[in-house]
Structure formats: structure tokens, C-alpha cells
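Okay, here's what each chain looks like letter by letter:
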Amino acid sequence: MNKFSLSGKRALITGGTRGLGQAIAKAFIENGAEVIITGRTQEGLDASITQLGNQCRGALLNVDDLESIEPFVHETEKKYGSIDILVNNAGINQKKEIPDVTDEDYARIILTNQQAVFALTREMTKRMLPRKTGCIIMISSMASQYGIPKVIAYTASKAAVEGMTKAMAVELSPFGIRVNCIAPGFIETDMSSKALNSDPERKQKVLSRTPMAKLGKPEDIGNAAVFLSSDAASFITGIVLPVDGGNSIGF
Ligand code: NDP
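Note that the structure is predicted; figures quoted are calculated from it, not measured.

I would appreciate a short explanation of the site of the ligand in the present structure.
Around the ligand, the structure places 30 residues, and the nearest of them are T17, R40, N89, Y154 and T189. The side chain of T17 places a nitrogen or oxygen atom 2.6 Å from an oxygen atom of the ligand. Contacts to the ligand include D64, whose side-chain N or O atom sits 3.3 Å from a nitrogen atom. Bound to the protein, the ligand loses 95% of the 890 Å² it would expose on its own. Listed by contribution, the elements that provide at least two residues to the shell around the ligand are α1 (19–30), α5 (152–172) and α6 (190–197). When residues in the shell around the ligand are grouped by element, the largest group, three residues, is from α6.

Have a look at this one:
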């Protein structure tokens, strides 16, 4: 029995149409899991499934629509069966200086990155509790490890996700549910390209404080998520794992 295998497990990954969510889905499939990815458009889902293969299913979900989350979970489990692993990956970023961030901007980021993460996790937890098993993976950011300028709402949302990880891990551990968080460093995706390619100085700063002196690949996050979701990590809960080429401890 390979304890690192995800064979026989079913995973729900939010935001699987590209970037880190798609890479997590790919790594899960390679390691034997049955995967359901979510996205906001059918085109996005179809394009991603073409790359990931037919072992991957797609389900439409805009996590901002909080009222749709409970029926979504109900329908998804009815259609595919119980979900063993939830990966809260969907997220948005916004780069603005503090005085320019409107209340609407702030609320929008908090809704997607924080409140929706709670709402979906709560609904999954209601189903995992009676089964006395489950695994939840959160995705935070280097923004919650240290101060990064011009991403105030994003930073607040990701710091909350790390706090939630610890509070949930403690409350859910007695019921066989593990909750862990991955803090990706700077990884090559659409989101990071937008933030870094328009700002060479910021990109240089990122690379200069990353001991490995390079950006990460989405598969680096996929591999970490596989480990944390597998039985090999059965005594690990409540951690925030930086996957960052040393960025968080770089001098
Ligand atoms: P991308 O912008 O490349 O992808 C974001 C994904 O989230 C898409 O699949 C998108 O789906 C989905 N999404 C966005 N908003 C919603 C919503 N309201 N409802 C449902 N799905 C939504 O981002 P990344 O892959 O770079 O980032 C993924 C996660 O990793 C985020 O939480 C981000 O904060 C985090 N992260 C990324 C880092 C990086 O360097 N890339 C570093 C640190 C953290 P759709 O097709 O519907 O648009």
C-alpha cells in the first residue's frame, strides 16, 4: 500500500480552470484521485478538462454566490459521491495603493478569498463530520507571511485563511478531519504574471529574496497538495506550509 497515493479518494478543487488549481488537479489525477474542478464558465471548465483528461469532472460554481454553495455541495455529492478532499484554491488579487482601495474593492476580495472559503468549508464539514474523515487544504500566500505593499485586501484575506486553518484544525481534529494550508511563494501563473511583469523592480525584489532565485512552477504546489492530502500526512494538521524556494526565510 503506497501511503502517498490518492487512489480511491475524491477531491473537489475550486478554481481548477488554470494556474495552481489546474496543477493541483493534474497532480491529484496522476496520483490516482478522482477530481472535480470548479470554474465560473463552461468554456473555462471544458478547456481545462481537455488538458486534464476525462478522469476530471467539471462543475460550475461562482464562490461569490454564497447562497449557491449549499445546493452546489448537495448536487455534487449526489452526482459523484462523497468528497474526501476539499481544496480551497479559487482566489483573486488586486494591486492598488491603500488610499485607492474602495470599500467595494475590499469587500470583493474578502468575499472571494475569505468568506466563500469559510462558507464552502462549513458545508463540506457538515458532510465530513458524520463520516468521521476528511481533508481540507487552504491556499494562502507570502502576503500573509510578511508585509507586501499594494495588496492590502488580499493580505487581510490570506491572513484570515491561515487563522481559519488553525481554528478549524483544532475543532475538527477529534472528528478525523485534517485542515492544512499551503502558502505558495511566487509561482508562474496568470495572477503572478499580472502582478510582476508590469513591475520589473518588484520582480527583481522577489527573485533577490528567494534563495533559489527563481519563480516556482504550479506543479510544485500540486505536489505539496498531494502529500498533505495523502495518508502519508495523517499526523499533520493545522500547519501552514510555505512552498516558496525559501522566499519566506530569504535575507
Ligand atoms: P489564477 O488567476 O491563474 O486562477 C484563479 C482561479 O480561481 C481560476 O480558476 C478562476 O476561475 C478561479 N476563480 C476566481 N474567482 C472565482 C470565483 N468567484 N468563483 C469561482 N472561481 C473563481 O490564479 P492562481 O492560480 O495564480 O492562484 C490560485 C490561488 O493561489 C489563489 O488563491 C491565489 O491567491 C493563490 N496564490 C497564487 C500565487 C501565485 O504566485 N500564482 C502565490 C500565492 C498564492 P475562472 O475560470 O472562473 O476565472
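Mind showing me how you'd approach a nonpolar patch on the surface here?
Where nonpolar side chains cluster on the molecular surface, the patch consists of I98, Y106 and I152 and spans about 290 Å² of accessible area. Mapped onto the elements, Y106 comes out in helix α4 (residues 103–131).

How should I be thinking about the nonpolar core in this particular structure?
In globular proteins that are soluble, nonpolar side chains generally tend to be buried together. Membership of the largest hydrophobic core comes to 29 residues, with the highest contact counts inside it found for I13, I24, F28, V35, I37, I182 and I221. Elements with a minimum of two residues in this core: β1 (10–13), α1, β2 (34–39), α2 (42–52), β4 (85–88), β5 (134–139) and α8 (218–229). The greatest single-element share of this core, amounting to six residues, is contributed by α1. Ranked by size, the runner-up nonpolar core spans 27 residues in total, among them A59, A119, M164 and C181.

Just checking my understanding: could you explain the packing of α6 against helix α7 (residues 200–208) for this structure?
Helices that pack against each other are described as a pair by the angle of their axes relative to one another and the distance between those axes. Between α6 and α7, the least distance of the axes is 7 Å, while the angle of their chain directions is 115 degrees. When the interaxial angle is binned, α6 and α7 end up roughly perpendicular. On the side of α6, the interface is formed by A195, L196 and N197, while α7 contributes P200, R202, K203 and V206. For the contact of α6 with α7, a count of residues per class yields four nonpolar, one polar and two charged.

Any chance you could explain α8 here in plain terms?
In an α-helix, one turn spans 3.6 residues; hence positions three or four apart end up facing the same way. The end-to-end C-alpha distance of α8 is 17 Å, a good match for the 16 Å that twelve residues give at a rise of 1.5 Å each. For α8, the full list of buried residues reads P218, I221, G222, A224, A225, V226, L228 and S229.

Where do I start with the sheet that holds β1 in this structure?
Where strands meet in a sheet, backbone hydrogen bonds hold them as pairs that are either parallel or antiparallel. Read across the open sheet, the seven strands follow the order β3-β2-β1-β4-β5-β6-β7; overall the sheet is parallel. Of all strands in the sheet, those with a lone pairing partner are β3 (56–60) and β7 (240–243), marking the two edges. Across the sheet, the mean angle from the axis of one strand to that of its neighbour is 20 degrees, orientation sign disregarded. Note: β1 against β2, four bridges, orientation parallel.

Is there a simple way to think about unusual backbone geometry in this case?
Even without glycine at this site, K132 takes up a positive phi of about 55 degrees. When you line up the elements, K132 lands in the loop between α4 and β5. With relative accessibility at 53%, the residue K132 sits in the exposed group. One non-glycine residue, K150, adopts positive backbone phi at about 70 degrees. Among the structural elements, K150 can be located in the loop between β5 and α5.

Just checking my understanding: could you explain the pattern of salt bridges for this structure?
Pairs can form between side chains of opposite charge once their charged atoms are near each other. Taken as a whole, this structure holds eleven salt bridges when the rule is applied. A salt bridge links R131 to E77; the nearest nitrogen and oxygen atoms lie 2.9 Å apart. With R131 in helix α4 and E77 in helix α3 (residues 69–80), the pair connects residues that are 54 residues apart, well separated along the chain. According to the relative accessible area criterion, R131 is partly exposed, its value standing at 31%. In this structure E77 comes out as buried when scored by relative accessible area, which is 10%. When the shortest N-O distance is used, the salt bridge between K95 and D199 registers 3.1 Å. Placement of the pair is K95 in the loop between β4 and α4 and D199 in the loop between α6 and α7, with a sequence separation of 104 residues. In this structure, a network of salt bridges that share partners links the residues E77, R127 and R131.

Rules behind the numbers
Residues numbered from 1 in each chain as written. Predicted model: local features only at pLDDT ≥ 70, side-chain atom pairs only at ≥ 80, totals over all residues. Heavy atoms only, no water. Near = heavy atom within 4 Å. Polar contact = N/O pair within 3.5 Å; in protein donor to acceptor, adjacent residues only side chain to side chain. Areas by Shrake-Rupley, 256 points an atom, 1.4 Å probe, with all protein chains shown as cover. Helix = DSSP H or I, 4+ residues; strand = E, 2+ residues; numbered from the N terminus. Patch = residues over 30% accessible without salt bridge, like charges linked within 9 Å, V, L, I, M, F, W, Y side chains within 5 Å. Salt bridge = Lys/Arg side-chain N within 4 Å of Asp/Glu carboxyl O. Core = buried A, V, L, I, M, F, W, Y, C linked by side-chain atoms within 4.5 Å. Buried < 20%, exposed > 50% of the residue type's maximum accessible area, 1.4 Å probe, protein only. Axes fitted to C-alpha atoms, helices over the stretch in contact; angles between N-to-C directions. Parallel < 35°, antiparallel > 145°, perpendicular 65-115°, else oblique. Contact = heavy atoms within 4.5 Å. Nonpolar A, V, L, I, M, F, W, Y, C, P; charged D, E, K, R; others polar. Expected span 1.5 Å × (residues − 1). Pairing = 2+ DSSP bridges.

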